[in-house]
Amino acid sequence: MFVHGLREGSGFFVAPGFVVSCAHVAGAQPEERVTLRWRGDDYEAVICAASEEAVGAGWSLWPYPDLAILELVEPPEGHPCVWLDGSLPETDTPLTAVGFTDTLESDTASERRAQLTSGGRTALQGHPMLEIVAGEINLGLSGGPVLSHASGGVCAVVKATRQEDSAMGGFGTPVDALRCLGPEVYSRVIRAHDRFHQADNRWHRLSDRVETDSSEAPSDYLSRAEDRQFLDLLATMPSDQLGGQGTHTAAFLAAAAPGTQPPDRPLVAHRDVYVELAARMFPEDCGLPYQLAYCADLAREADAGAGGSDILRKLHNQVLIAAGRLQLGQEALLRLANDPSLGTRPSVIGMMRHSLRDRSLYHVMVWRYRSRLDIVPAAPESPGLPLQEGLEHLAQLLTEQIDVMGGMSKPGLIELILPSEVLDEDFADWKLWPSSSYSTLGRKQQVVLRPLERHETPHLHHAWEQRWQQLENKPVGEALVCVCGRGRQQQATLDATFNNDPTLAALALAGSPRSGPVAQAYEVAVASGVPVMMWLRGADPSPPCRDRPCGIPGRDTCPDHGFLAQARRTLADTERDALPEKICALRNAALTDDPCADHIGERVVMLWDDPGRRVPRKSLAPAASAEEGRPNE
């Protein structure tokens, strides 16, 4: 297609009624009119979106991405559209560029098809550009499509020649740079592009003929046909499942290898996430290809009855079919699993642990837990950080991973494995979402704490597992006993009590585990394997009662029974596995019930430590310490 705008050049139909060209050809001003010529007829188009115009005499090229999207006022009926291939071709891949030239007829734009070859990559303002070699790139080709013979799709837009009237080739802008032109226009165009090719398979049939012999492609990669099937399904996702850029970025990180950085170009649609993941190397552990893992993450919602479930079920089935061909069926099932028999309660698990070199510094780690067999590191272990910086880093990681697991509006389990000195931090009141400043972590998600000391000490695990089993299918209110660390609850006596009574598994602490005798009692309880404890954040235990000193937990009546009685009453019908959800409900009830009442949900803290939900003990990555420049211990 001939484009007459700011300059003369080329363009191509990318979706019904939409044309892509270079901004330096069509122009950079939205709403500006441009004339297009296709099959001998002229059409009027309007610039919908374009990258910025070159500024200053020092610019020899327009800034990245130098692209424009044009919408025809009255498009021709039934016109074809190219198929966009978001991955750049390998070096030496045959290419065809289509555009115009006036070489043979001066001042007459004649169509030209240039046979070229892909070279290396050249960065423009930090973004990759495709080098096009072994042929001439004349000025009239600017804005025209570059077809990859390996994929049968348009992979780039001709941007510039290396040297006029030479066979030195030039440069092309990757088509995925269209994402930089603005999310609204791009989303509209790319969804129209995908819907067109779902209904019209002419290009797919032709690209199959152009595509490199499939025997040259590794058998453990998804085929081009499989990629197109997944992209077709992703294009039909209903609007309520599109998500925003932040959600797409979180989903990308969830499927990518740990430590992967987000792409420098925005992720606007499901297609963008898929294409970016497909461009990554195959997983080192020979697991699911990253784009297949992403589709499995989306399809997992099908079992939860989410909107658009018919599409999600089709995606679910396609994941199993593709994984089966790759002999990765079991891995796909685990990724898709939401089976209680696997002990599955999806969660985000965050951990803060001391640096072994300097206990005033903390390393932060986060995992996504889907089952005992599916625990995925969400980010590399942080370097040693001061406490406040560590908490801020943890908050940032939690926000990202909550998005991955369904977003703030989908209640989920948040497990925080922490050293004792951090237990009274007001995690439940963290405000992680600036756009929803009235929402807190503890009222949106089921936040529970877990003791770091026990997770790092394997010889404590047997008692921990035994006491956890003692609470199975029992109302926690009945099992609760009060512990304050005074009288006959000092450490040695308390340890002996736990040794003789394996049924002691749920404690109502008389104050914060950071305060005086309660801190000492908490230490014994952790070492003895007590998996459930609750207290009021910041509370100090009442002065000791001289007439009735504290007795043996579970045997003697607690002389200061206020919090214990309230907790027993509140949890009378709550079983062990329902505690996280119950505590979240109490935090919300504290704001909706009688404001004059001393509501237990206002400051309640729940330690809920399931021994079946352990995380790997080794570091996630040998990240260098920021202070010392050496690997973490």
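Small disclaimer: the values here were computed from a predicted structure and weren't measured.

A. Molecular detail of the sheet that holds strand β6 (residues 68-72). With antiparallel pairing, the six strands of this closed barrel are ordered in space as β1-β2-β3-β6-β5-β4. When strand polarity is set aside, the average angle formed by the axes of neighbouring strands in this sheet is 40°. As judged from the five bridges shared by strand β5 (residues 41-50) and β6, these two strands associate in the antiparallel manner. Among the inter-strand pairings, Ile-47 is bridged to a residue of β6, identified as Leu-70. Set on the sheet, helix α2 (residues 183-199) makes contact with β2 (8-15), β3 (18-21), β5 and β6; between it and β2 the angle comes to about 65°.

B. How the structure looks around the pattern of salt bridges. One pass over the structure, following the stated rule, counts 24 salt bridges. Between Arg-265 and Asp-176 there is a salt bridge, with the nearest N and O atoms lying 3.1 Å from each other. Taken together, the positions of Arg-265 in the loop between α5 (245-255) and α6 (270-278) and Asp-176 in the loop between β12 (170-174) and α2 put the pair 89 residues apart, joining distant regions of the chain. Judged on exposure class, the residue Arg-265 and its partner Asp-176 are both buried. Arg-454 is paired through a salt bridge with Asp-609; the nearest N and O atoms lie 2.9 Å apart. Taken together, the residues Arg-454 in helix α12 (residues 452-455) and Asp-609 in the segment after β22 (604-608) connect sequence positions 155 residues apart.

C. Main features of unusual backbone geometry. Here Tyr-64 and Pro-65 are connected by a cis peptide whose omega angle stands at 5°. The phi dihedral of Gln-327 falls on the positive side, at around 60°, and the residue is not glycine. If you trace the backbone, Gln-327 turns up in the loop between α8 (309-325) and α9 (329-336). Even without glycine at this site, Asn-473 takes up a positive phi of about 60°. Secondary-structure assignment places Asn-473 in the loop between α13 (461-470) and α14 (476-479). For Asn-473, a relative accessible area of 59% translates into the label exposed.

D. Main features of the packing of aromatic side chains. Here the structure, examined in full by the defined rule, presents five aromatic pairs. Cation over ring: Arg-271 sits above Trp-83, and NZ or CZ is 5.3 Å from the ring centre. Cation over ring: Arg-613 sits above Tyr-369, and NZ or CZ is 4.1 Å from the ring centre.

E. Main features of the confidence of the model for the protein. For the protein, the mean per-residue pLDDT works out to 82, and 84% of the residues sit at or above 70. Least confident of the elements in the protein is helix α3 (residues 202-210), whose mean pLDDT is 72; most confident is strand β18 (residues 446-451), at 96. Segment residues 339-343 is flagged for pLDDT under 50; beyond a separation of four residues in sequence, or across chains, it makes nine contacts in the model. Residue range residues 619-633 is modelled with pLDDT below 50. Its contacts to residues more than four positions away, or to other chains, number 42 contacts.

F. Region of the structure containing the packing of helix α4 (residues 224-235) against α6. Look at α4 against α6: their axes get within 9 Å of each other, and the N-to-C directions meet at 155°. In terms of orientation, α4 and α6 fall into the roughly antiparallel class. In the packing of α4 onto α6, the handedness of the crossing is right-handed. Facing α4, whose interface residues are Glu-226, Asp-227, Phe-230, Leu-231 and Leu-234, α6 presents His-270, Arg-271 and Tyr-274. Of the residues in the contact of α4 with α6, the class split is four nonpolar, one polar and three charged.

Conventions adopted
Residues numbered from 1 in each chain as written. Predicted model: local features only at pLDDT ≥ 70, side-chain atom pairs only at ≥ 80, totals over all residues. Heavy atoms only, no water. Pairing = 2+ DSSP bridges. Helix = DSSP H or I, 4+ residues; strand = E, 2+ residues; numbered from the N terminus. Axes fitted to C-alpha atoms, helices over the stretch in contact; angles between N-to-C directions. Contact = heavy atoms within 4.5 Å. Salt bridge = Lys/Arg side-chain N within 4 Å of Asp/Glu carboxyl O. Buried < 20%, exposed > 50% of the residue type's maximum accessible area, 1.4 Å probe, protein only. Phe/Tyr/Trp six-rings, centres within 6.5 Å; stacked < 30°, edge-to-face > 60°. Lys NZ or Arg CZ within 6 Å of the ring centre and 35° of its normal. pLDDT = per-residue confidence, 0-100. Parallel < 35°, antiparallel > 145°, perpendicular 65-115°, else oblique. Left-handed = near helix turned anticlockwise from the far one by under 90°. Nonpolar A, V, L, I, M, F, W, Y, C, P; charged D, E, K, R; others polar.

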